[in-house]
Amino acid sequence: MNLIEELTWRGMFHDAMPGTAEHLAANAPITGYIGFDPTAASLHIGNLATIMLLVHLQRAGHRPVALVGGATGMIGDPSGKSAERNLLDEATLRHNQAGIQAQLEKFLDFSAGPTGALVVNNYDWFKEIGFLGFLREVGKHLTVNYMMAKDSVKRRISGNEDSGSDGISYTEFSYQLLQGYDFVHLNKTLNCTLQMGASDQWGNITTGTELIRRLSNAEDREAKAYALTGQLITKADGTKYGKSETGTVWLDPALTSPYQFYQFFLNSADVDAPRLIRVFTLLSEPEILAIEAEHAAAPHLRTLQKALAADVTTRVHSAEATEAAIAASQVLFGGGDLASLDEATLLDVFAGVPHLRVLRAEMTELNTTTFLSDFTLHKIFPSKGEARKMIQAGGVSINREKVASPDASVAALQHLASKYLVVQKGKKNYFLVELV
């Protein structure tokens, strides 16, 4: 199966320039690239969909190049944005580039050979180019009319107060010319003939192909250049995919923990999961169809979401991180051992429940009735009477152990991670009590 066929059945293909399929078939291995914006130290879920384009390019027998935009990252891409963004200094961008490269190495094979992946930084060639030289050698080949016709520019120029746009600076207006020159440089130095990206990058990508055409004609040389874009990943309701209730879902475990990452995919809606498992995993079509059939037979078991979450979490983090995330997930659904969770995972699991802090030294003489009412400032039970009644009915657990008696002492309770107690009131109400 060739690249475009693979992307098509997965629902990832959006558009390609005429002749792209034929070029891929006749010239394997070709070199293709995608640019990544280094304005953060980590890539996120939205970037992962784009990374998968490079993964499939390499699996189809071609050479993937990831361009980390150290130079263009100083400018800012206006695509999909309504306002000028803050510009970062070189030291911050270098730091971000190092983090991004480390993440890309988890997905692409960088071994030597004709299909081995490369990471390049456009600052390495732009730092040698002067402003006047760039205008003279490159800028004269594209008209302002051509550049203004791009949708990303038109939306900003025609913006108004209602849209939140205050126009576009020359800095961001020039972005497409700089990105176009990236393609020119890679075309000359690496014989790179394909640029890929998300569908909202079509304007910038085709600027590159046009610039290659015009420069090669001016230099009387033959050059090939093609463009291919993937579908933007959105939810069924049309909203952008990659945000959770707490914000962006990052690939860096320090920014989004493996447990939170796993939960993000596990909580995918049934209507979204079939597309997501095609985009974010490397499972074959027969494997996916079998999982979907199993899921359809018992949707409440969430077989599809579990397969999706486990596969992606393993590739982004590790098998060990996935096992820990699954064990932590089971804690909330009647299984799993609370005592096995480390402090960070425990806090992740119970991030959405009330977090109460109490003085450890004052607990030694308390019974559970007083602890669950007066001592916790009536945040768990409003009165001793209600606490006593529910305990007697068997409706209260601490650290998954039923509280046997309203008069049971809390002094003997095992503390999770040395300082926490998890109180369960009824079937669904949880409280995390921290001893300080």
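Residues numbered from 1 in each chain as written. Predicted model: local features only at pLDDT ≥ 70, side-chain atom pairs only at ≥ 80, totals over all residues. Heavy atoms only, no water.

(A) Spotlight on the pattern of salt bridges. On inspection of all chains with the given rule, the structure shows eleven salt bridges. Connected via shared salt-bridge partners are Glu 343, Arg 357, Lys 419 and Glu 434. (Salt bridge = Lys/Arg side-chain N within 4 Å of Asp/Glu carboxyl O.)

(B) Just unusual backbone geometry, in detail. Here the bond from Ala 28 into Pro 29 is cis, since omega is -5 degrees, no more than 30 degrees from zero. Inspection of the secondary structure puts Pro 29 in the loop between helix H2 (20-26) and strand E2 (31-36). Despite not being glycine, Arg 302 has its phi angle at roughly 55 degrees, a positive value. The topology assignment puts Arg 302 in the loop between helix H14 (285-297) and helix H15 (303-316). Positive phi, normally seen in glycine, also occurs at Asn 399, with a value near 55 degrees. (Helix = DSSP H or I, 4+ residues; strand = E, 2+ residues; numbered from the N terminus.)

(C) Inspection of the sheet that holds strand E11 (residues 401-402) at higher detail. The strand order across the open sheet built from five strands is E9-E13-E12-E10-E11, with neighbouring strands paired in mixed fashion. Because the sheet does not close on itself, it has two edges, and the strands there are strand E9 (355-358) and E11. As defined by bridge partners, strand E10 (residues 396-398) adjoins strand E12 (residues 420-425) across three bridges and the pair is classed as antiparallel. Following the sheet pairing, Ile 398 is matched in E12 by Val 423. (Pairing = 2+ DSSP bridges.)

(D) Just the pairing of strand E6 (residues 226-230), in detail. Counting buried residues in E6 gives five out of five residues, a clear majority hidden from the surface. Every second residue of E6 is oriented toward a common face, with Tyr 226, Leu 228 and Gly 230 on one face and Ala 227 and Thr 229 on the other, all of them buried. Pairing analysis gives three bridges linking strand E1 (residues 13-16) to E6, with the strands arranged antiparallel. Within E6, the position partnered with Ala 16 by the bridge is Leu 228. Alignment of strand E5 (residues 192-198) against E6, held across five bridges, turns out to be parallel. (Buried < 20%, exposed > 50% of the residue type's maximum accessible area, 1.4 Å probe, protein only.)

(E) Layout of the confidence of the model for the protein chain. Per-residue confidence for the protein chain gives a mean pLDDT of 86; residues scoring 70 or more make up 91%. The low-confidence segment residues 80-85, where pLDDT is below 50, has 21 contacts with residues more than four positions distant or belonging to other chains. (pLDDT = per-residue confidence, 0-100. Contact = heavy atoms within 4.5 Å.)

(F) Structural detail: the sheet that holds strand E3 (residues 63-68). Taken together, the six strands give an open sheet; going across it, the order is E1-E6-E5-E2-E3-E4, and neighbouring strands pair in mixed fashion. Two strands close off the open sheet at either side, each with one partner strand: E1 and strand E4 (118-121). Strand-to-strand twist of the sheet, defined as the mean angle between neighbouring strand axes without regard to direction, takes the value 25 degrees. Across the sheet, helix H3 (residues 45-59) is in contact with E2, E3, E5 and E6; its angle to E2 comes to roughly 170 degrees. (Axes fitted to C-alpha atoms, helices over the stretch in contact; angles between N-to-C directions.)

(G) Inspection of the environment of Asp 200 at higher detail. Within the secondary structure, Asp 200 sits in the loop between E5 and helix H11 (202-218). Through-space distance from the C-alpha of Asp 200 to that of Thr 229 is 8.4 Å; in sequence the pair is 29 residues apart.

(H) Inspection of the packing of helix H12 (residues 258-266) against H15 at higher detail. In contact at an axis separation of 8 Å, H12 and H15 are set at 145 degrees when each is read in the N-to-C sense. The two elements H12 and H15 cross, and the hand of that crossing is right-handed. Across from Pro 258, Phe 261, Tyr 262, Phe 265 and Leu 266 in H12, the residues of H15 making contact are Gln 305, Lys 306, Leu 308, Ala 309, Ala 310, Val 312, Thr 313 and Val 316. Classifying every residue of the contact of H12 with H15 by side-chain character gives ten nonpolar, two polar and one charged. (Left-handed = near helix turned anticlockwise from the far one by under 90°. Nonpolar A, V, L, I, M, F, W, Y, C, P; charged D, E, K, R; others polar.)

(I) Region of the structure containing the nonpolar core. Residues Ile 45, Ile 51, Met 196, Phe 265 and Phe 280 are the most contacted members of the largest nonpolar core, which totals 54 residues. The greatest single-element share of this core, amounting to nine residues, is contributed by H3. With sequence-adjacent residues up to four places away left out, Phe 265 is seen in contact with Ile 45, Tyr 241, Phe 280, Gln 305, Leu 308, Ala 309 and Val 312. Within the second largest apolar cluster, 25 residues are counted, among which are Phe 134, Leu 142, Val 153 and Cys 192. (Core = buried A, V, L, I, M, F, W, Y, C linked by side-chain atoms within 4.5 Å.)

(J) Local environment of a nonpolar patch on the surface. Together, Phe 131, Leu 132, Leu 135 and Tyr 170 line one region of the surface with nonpolar side chains, adding up to about 470 Å² of accessible area. The element contributing the most residues to the nonpolar patch is helix H6 (residues 131-137), with three residues. Here Leu 132 lies in helix H6. (Patch = residues over 30% accessible without salt bridge, like charges linked within 9 Å, V, L, I, M, F, W, Y side chains within 5 Å. Areas by Shrake-Rupley, 256 points an atom, 1.4 Å probe, with all protein chains shown as cover.)

(K) How the structure looks around the packing of aromatic side chains. Per the counting criterion, the structure on display carries nine aromatic pairs. Ring plane angle 85 degrees and centroid distance 5.4 Å describe the contact between Phe 264 and Phe 265, whose orientation is recorded as edge-to-face. For the pair Phe 264 and Phe 265, one class covers both residues: buried. In this arrangement the basic side chain of Lys 425 is found over the ring face of Phe 381, its NZ or CZ atom lying 4.7 Å from the centre. (Phe/Tyr/Trp six-rings, centres within 6.5 Å; stacked < 30°, edge-to-face > 60°. Lys NZ or Arg CZ within 6 Å of the ring centre and 35° of its normal.)

(L) View of helix H18 (residues 368-375). Burial of H18 is extensive: seven of the eight residues sit out of reach of the surface. Regarding H18, the residues found buried are Thr 368, Thr 369, Thr 370, Phe 371, Leu 372, Ser 373 and Phe 375. Taken together, the buried residues of H18 touch E9, helix H19 (384-392), E10, E12 and strand E13 (429-435). Two or three places before Thr 369, at the opening of H18, Asn 367 has a side-chain oxygen 3.2 Å from that residue's backbone nitrogen. (Polar contact = N/O pair within 3.5 Å; in protein donor to acceptor, adjacent residues only side chain to side chain.)

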